[in-house]
Every structure is written in C-alpha cells, then in structure tokens.
Amino acid sequence: MHRHFRHAVLAAVALLFSLLAARADDSAIIDRWYSALLAADRTELSALLADDARMTLEDLGVVQNKQEFIDSIDQWQDAVAGAAIRHRIEKSENGETTVLACYDFPENDTLMRETFTVVGGRITASTQTAVAQDCSGY
C-alpha cells in the first residue's frame with residue numbers, strides 16, 4: 001500500500017512539472033510573439049503561427065487566417081514605428097493564455113486583452129479586444 005501511495009505522489013508531481021513546463025513554454029511563445037510583432041518580423045510571426053491559425057480582432061469584426069494576417073504586416077509596420085508594447089500574462093490554463101497588453105504608440109496608447117491558444121508550440125488562435133483608450137489600467 002505504501003509503495004502505491006508513493007507512486008501516486010510521484011505521478012502527481014510529474015504531471016505538475018509537465019503542466020508548469022507547458023505553461024513556461026507558452027509564456028516564451030507569447031514573449032516571442034510580442035517581440036516579433038513590435039519588429040513587424042514576418043518570418044518570426046509566420047513561424048509562431050500554426051498553418052490553420054485564426055486571428056480575431058473583435059473590435060473591428062475581423063477574422064484573419066495566417067496568410068491574411070502576415071499580409072497585413074505591411075500596414076502594421078508603419079503603425080508600429082516608434083511604438084512600444086508592454087504585456088503581462090493574466091492567466092494561463094488548458095493551452096489558453098490571456099494577456100493584458102499596452103500598445104504605446106507615439107501619438108496615443110491603447111490597452112488590449114488578448115487570448116492565445118497554443119498547441120504544439122504554435123499559436124492556433126488569437127482574439128484581441130480593446131479594454132481602454134489608454135494604458136492607465138495596465
């Protein structure tokens with residue numbers, strides 16, 4: 001009986017470590033995402049997105065597939081010149097990570113809530129919603 005309990009505890013600890021490792025991996029992917037987004041790095045953004053990724057911009061009513069999103073980076077590159085993006089993870093569970101992100105543009109800033117679904121080390125879905133017209137709540 002004692003041996004079975006020890007095996008159960010070891011299995012639970014192993015599961016916990018695997019979940020924490022997955023969460024750390026997702027966090028690293030999110031960090032890479034915002035770095036690539038700020039640099040308008042099409043190659044890195046493309047590498048981070050799964051082929052069937054869906055990007056939803058709720059405030060604009062826009063849903064883009066991976067190629068449409070990558071194609072929109074030309075316009076984004078002009079908008080992001082001189083900007084900064086600060087982000088922090090609010091929660092991460094079951095492969096879904098919710099981030100509070102401050103987009104600090106030279107002329108204004110905006111606070112966004114973004115949810116990422118990560119599967120196999122790649123972003124399969126992203127949903128973006130405006131929270132505020134400034135980043136005072138960040």
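Now for a quick tour of the structure. (Residues numbered from 1 in each chain as written. Predicted model: local features only at pLDDT ≥ 70, side-chain atom pairs only at ≥ 80, totals over all residues. Heavy atoms only, no water.)

Ordered in space as β2-β1-β6-β5-β4-β3, the 6 strands form an open sheet in which the pairing is mixed. Since the sheet does not close on itself, it has two edges, and those belong to β2 (62-65) and β3 (84-93), each with one partner. Going from strand to strand, the sheet's axes swing by 20 degrees on average, the running direction of each strand aside. As judged from the 4 bridges shared by strand β1 (residues 49-57) and β2, these two strands associate in the antiparallel manner. Within β2, the residue paired with M55 across the bridge is Q64. (Pairing = 2+ DSSP bridges. Helix = DSSP H or I, 4+ residues; strand = E, 2+ residues; numbered from the N terminus. Axes fitted to C-alpha atoms, helices over the stretch in contact; angles between N-to-C directions.)

A few words on the pairing of strand β4 (residues 96-104). In terms of burial, β4 is largely enclosed, as 7 of its 9 residues are buried. As judged from the 9 bridges shared by β3 and β4, these two strands associate in the antiparallel manner. Following the sheet pairing, S92 is matched in β4 by T97. Between β3 and β4, which pair antiparallel in sequence order, lie 2 residues; one of them, N94, sits at a positive phi of approximately 55 degrees. Direction of pairing for β4 relative to strand β5 (residues 109-119): antiparallel, over a ladder of 9 bridges. Across the sheet, residue D104 finds its bridge partner in β5, namely D109. (Buried < 20%, exposed > 50% of the residue type's maximum accessible area, 1.4 Å probe, protein only.)

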